[in-house]
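Below, each chain spelled out in residue letters.
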Amino acid sequence: MKTISIDPITRLEGHGKIEIFLDDNGEVANAYVQIPELRGFEKFCEGRAVEEVAHITPRICGVCPEAHHMAGMKTLDAVFKVEPTSTAKKLRRLLYNSFFVSDHTTHFYILAGPDFVVGPDAPVAERNILGVIAKVGLETGGEVIKRRRECNHIVEMLAGRQVHPICGLPGGVSKGLNAEEIAEAKQIAANSLEFAKFSIQLFHDMVLGNTAYKDLILSDMYAHKTYYMGLVDDQNRADFYDGKVRVVDPDGNEFAKFPASEYLEHIGEHVEPWSYLKFPYLKKIGWKGFVEGKDSGIYRTAPLARINASEAMATPLANAELQKFRETLGRTVHATLATHWARLIELMQAAEAMVELTNDPEIGSDDLRNRDLGTPGEGVGIVEAPRGTLIHHYISDENGIAQKVNLIVGTTHNNAPICMSIKRAAQGLIHKNGEISEGTLNKVEMAFRAYDPCFGCATHAIGQTPLIVTVYAPDGSVVAQGRQDPQ
Amino acid sequence: MAKPKVAFYWAASCGGCEIAVLEIHEKLLDVAAQVEIVFWPVAIDAKYKDVEAMEDKSIDVTFFNGAIRSSENEHIAKLLRQKSKIMIAFGSCASEGCIPGLANFYTKDALMDRVFKETPSTTNEEGILPGPETQVAEGKLTLPVLWDHVWPLEDVVDVDYFIPGCSPAPVTVAKAFETILSGNLPPKGSVLGASEVALCEECPRERHDKKVKKFYRPHEIVDDGKTCLMEQGIICAGLATRGGCGHLCINANMPCRGCYGPPPRVKDQGAALLAAIASAVDSNDEEEIKQIMSEIPDIAGLCWRFSLAKCSLVNKPVAAAAQ
Ligand code: SF4
Ligand code: SF4
């Protein structure tokens, strides 16, 4: 049997590899995405002072430490049975929406943008951020860098550090904003909103205006009928920071809606011997293997899933764009590549929220903490990380020492769907005796990239995933090799 | 003069050190123009065998971030050491083991059992544990072997310089690059990009005599925003930590936890912090000091938060090579 190995980071470096097996007819038999890492936070957080767990867990990921810190501080609220002050919640939301703008911008322009703006079949040398800049103008490239820096600056003002922010306390936050900082944050919010508008216009002009791209987005090859999960507010509108977890079935009907504290009734994690990352599924349906459809417990999270799980967006411009999205693609969208459009709708909501929050007079208040803490116990905190629903669960003894910790991170929810998407794309693109062109390889990889998987987190930052595909004959000799050199 | 050849690699880490390199923004472009990057798995597609084919010592500088947790981590660390003139431990994981090093409180089996068998969301009736080799219907799948212990880089290879921080602050990264590019290198073993004093000396907070009768956890007290945290009874690692980060955590009214490693001439950061805590206690009575200190929760996990993998009090097996 022939094997195709796609190592996103190159063969021996770890952090995620894709193995594709061909059958004797040269067709794709199966695909596996393997995660070769384990650090074991669920164990070594045991015995720590429980409030410190919110500062330890951000080290799970240096790309989205904000999400872990936020989930951690919400878990501490639950552990200490305390409701944060209204100001604290607003400051947390400001930090979180700033982070969303920065992260979604980075993903869209640096990681995914090249495929759409420059084109999936464009020469490799152009398919990168420089190509994007060449196509849309130098100013845009500068804007991307500026957005990142400005939004990170808000994180720094509120939480000291850009990487591994530190401000979370049960019942609130450790630092507020003074008048000068608020003025700065207001300007950054206004800039972010303009940029979100620009990005959506760009998507309409470059992608939706192009039939070939639209066909690609809608092709069966990139579609899966699964359940979808996301946090919603009391009107079933998308919320990144708080609310209930809502699950819709592949037809878009509500399947479940539950508060954080009930996640164990709904989510199970399956173990496979060939990956250090588990495979979550809906417990009430069960693990039925790597299959899609209503009878399989597989669900998805992250931008497309959140949009599917919501009835509306929480802010006006984002909601208007959601209507366009639904008019074009339907109410419940299974096309994985539509994730990029969904991400821009979320970018808009985050930017609008930043404007709203920085104009809220309460943001300057010094009522930062509710100090009415209860005896520590058990708590669950859930936020939406850019890459999916993020669940922290701490059990503390009455002295505030963590006894047990459980964590289900964004990319983990999508672990099984990513495997399925890679297989589907490979099956659609790789055929017997077919030439495996560089563009073909890139299209296989696009299925992976749409999820913005966190195990490629460093890749996410730098911008392009090296991809090597080797076709081996049954005797082990190399019959074809494709290689994509990132620029 | 030819541009120096540099390599970047990351082992067991969170990716934050890679982000730290990006956070120097435009300066990164300056640096990139002055060097030739020969190996950086996330950014350029040079493969392991390309590195193997290089002549020994043909890479001028390797920046290695992440701790050593698996066979693969150690293998590449050794290979890069052999190919590099200068080996730099970049960030806290490579320097001290950092947060992943807290795993050394437990065995690997305990870690695996917790993650794959015991967590309440896991359903695993057959008790499957992921392992190095799995036969699936279509062929064989492999995974790296995880070791029983987390090691700082210098426990497996000779390290020339250290860049501290979890992750290193932009100012540290920029300064370290500057020093290296200047060619004017300090003695082997030096820490680059940070200060030669403890963090306390750079801290803007007001200090008086430290007289603490009771220690508080950060959520148990309202910090006044201007007095030394330790004086207020909030344990802060500033005295046992190298300066240079810009007191980032203090800026957010939170105590330092020591991510910049020990200050100059201190070997064991945790032991130094223990001593600093003891000397802040307002008592001459040994029993009373003991009593006050015994009320501090998880004092080992606090004092050795970033340096457990280097803790001199914990017995650890001889370095990974033996395995
Ligand atoms: S102990 Fe902490 S707060 Fe006090 S001076 Fe040192 S660094 Fe500053
Ligand atoms: S204050 Fe301490 S923990 Fe915070 S960044 Fe500086 S050295 Fe690291």
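Just above, that's the structure.
In this text, all values refer to a predicted model and were calculated from it rather than measured experimentally.

Parameters at a glance
- Residues numbered from 1 in each chain as written.
- Chains lettered and ligands numbered in written order.
- Predicted model: local features only at pLDDT ≥ 70, side-chain atom pairs only at ≥ 80, totals over all residues.
- Heavy atoms only, no water.
- Helix = DSSP H or I, 4+ residues; strand = E, 2+ residues; numbered from the N terminus.
- Buried < 20%, exposed > 50% of the residue type's maximum accessible area, 1.4 Å probe, protein only.
- Contact = heavy atoms within 4.5 Å.
- Areas by Shrake-Rupley, 256 points an atom, 1.4 Å probe, with all protein chains shown as cover.
- Phe/Tyr/Trp six-rings, centres within 6.5 Å; stacked < 30°, edge-to-face > 60°.
- Pairing = 2+ DSSP bridges.
- Near = heavy atom within 4 Å.
- Nonpolar A, V, L, I, M, F, W, Y, C, P; charged D, E, K, R; others polar.
- Expected span 1.5 Å × (residues − 1).
- Polar contact = N/O pair within 3.5 Å; in protein donor to acceptor, adjacent residues only side chain to side chain.
- Axes fitted to C-alpha atoms, helices over the stretch in contact; angles between N-to-C directions.

A. Representation of the overall build of chain A in the model. A count of helical and extended segments in chain A gives 16 helices and 16 strands. Residue burial in chain A is summarised as follows: out of 487 residues, 70% are buried. Put simply, of all contacts in chain A between residues at least 6 apart along the chain, 66% involve residues at least 24 apart. For chain A, the accessible surface area stands at approximately 14900 Å², while carbon and sulfur atoms represent 49% of it.

B. Spotlight on the packing of aromatic side chains. Counted under the stated rule, the structure contains 26 aromatic pairs over all chains. A ring pair is formed by phenylalanine 99 of chain A and phenylalanine 100 of chain A, whose centres lie 6.1 Å apart and whose planes are at 85 degrees; its orientation type is edge-to-face. With respect to class, phenylalanine 99 of chain A is no different from phenylalanine 100 of chain A; both count as buried. On the numbers, 5.5 Å between centres and 45 degrees between planes, the contact of tyrosine 9 of chain B with phenylalanine 64 of chain B is tilted.

C. Representation of the pairing of strand S7 (residues 133–136) of chain B. Residue and element names in this part refer to chain B. Burial of S7 is one-sided: the residues Thr134 and Val136 facing one way are buried, the residues Glu133 and Gln135 facing the other way are not. Examined bridge by bridge, S7 and strand S8 (residues 139–142) share 4 bridges and lie antiparallel to one another. Each bridged residue has a counterpart across the sheet, and for glutamate 133 the counterpart in S8 is threonine 142. Where S7 folds back on S8, the antiparallel hairpin that results is connected by 2 residues.

D. Here's a closer look at the site of ligand 2. Taken together, the neighbourhood of ligand 2 is formed by Arg161 of chain A together with Leu199, Thr241, Cys245, Cys249, Cys256, Arg257, Gly258, Cys259 and Tyr260 of chain B. Chains contributing residues to the immediate surroundings of ligand 2 are chains A and B. Counted by class, the shell around ligand 2 contains 6 nonpolar, 2 polar and 2 charged residues.

E. Representation of the site of ligand 1. Every residue lining ligand 1 is accounted for by Cys200, Cys203, Arg207, Cys228, Leu229, Met230, Cys236, Gly238 and Ile250 of chain B. Grouping the constituent residues of the shell around ligand 1 by class yields 7 nonpolar, 1 polar and 1 charged.

F. Highlighting helix H7 (residues 179–208) of chain A. With 30 residues, H7 of chain A should reach 44 Å at 1.5 Å per residue; the first-to-last C-alpha distance of 42 Å fits that figure. A side-chain oxygen of the first residue of H7 of chain A lies 3.1 Å from the backbone nitrogen of glutamate 180 of chain A; this N-cap is asparagine 178 of chain A.

G. Summary view of the pairing of strand S12 (residues 378–385) of chain A. Residues and elements named next belong to chain A. Among the 8 residues in S12, 7 count as buried, and that is most of the element. As judged from the 8 bridges shared by S12 and strand S13 (residues 388–396), these two strands associate in the antiparallel manner. Looking at S13, one finds that isoleucine 382 is bridged to isoleucine 391. Between the end of S12 and the start of S13, which pair antiparallel, lie 2 residues.

H. Region of interest: the environment of phenylalanine 8 of chain B. Looking at the secondary structure, you find phenylalanine 8 of chain B in strand S1 (residues 5–10). In this structure the C-alpha to C-alpha distance between phenylalanine 8 of chain B and tryptophan 40 of chain B, which are 32 residues apart in sequence, comes to 4.8 Å.

I. Structural view of the sheet that holds strand S10 (residues 279–282) of chain A. Taken together, the 3 strands give an open sheet; going across it, the order is S10(A)-S9(A)-S6(B), and neighbouring strands pair in mixed fashion. Every other strand in the sheet has two partners, leaving S10 of chain A together with strand S6 (122–123) of chain B as the edge strands with one partner each. Relative to S10 of chain A, strand S9 (residues 267–270) of chain A runs antiparallel, the two being bridged by 4 bridges. Directly across from glutamate 269 of chain A, in S10 of chain A, lies its bridge partner proline 280 of chain A.

J. Spotlight on unusual backbone geometry. Note that the residue after cysteine 166 of chain B, namely serine 167 of chain B, is joined by a cis bond; omega there is -15 degrees. Backbone geometry at lysine 81 of chain A places phi at a positive 50 degrees, although glycine is not the residue there. Along the chain, the position of lysine 81 of chain A falls in the loop between helix H3 (65–79) and helix H4 (86–118).

K. Quick peek at the side chain of threonine 241 of chain B. Residues and elements named next belong to chain B. Locating threonine 241 in the fold gives a position in the loop between helix H7 (170–182) and helix H8 (248–251). Of the polar contacts made by the side chain of threonine 241, one reaches the backbone oxygen of alanine 237; its length is 2.7 Å. Beyond its immediate sequence surroundings of up to four residues, threonine 241 is in contact with Val197, Ala198, Leu199, Cys256, Gly258, Cys259, Tyr260, Gly261, Pro263 and Gln269.

L. Looking closely at the environment of glutamine 235 of chain A. Here glutamine 235 of chain A shows up in the loop between strand S6 (227–232) and strand S7 (244–248). For the pair glutamine 235 of chain A and arginine 147 of chain A, spaced 88 residues apart in sequence, the C-alpha separation works out to 30 Å.

M. Molecular detail of the sheet that holds S13 of chain A. All names here are of chain A. Pairing is antiparallel across the open sheet formed by 3 strands, whose spatial order is S12-S13-S14. This sheet does not close on itself; its edge strands, each paired only once, are S12 and strand S14 (402–408). Across the sheet, the mean angle from the axis of one strand to that of its neighbour is 15 degrees, orientation sign disregarded. Across the sheet, H3 is in contact with S12 and S13; its angle to S12 comes to roughly 150 degrees.

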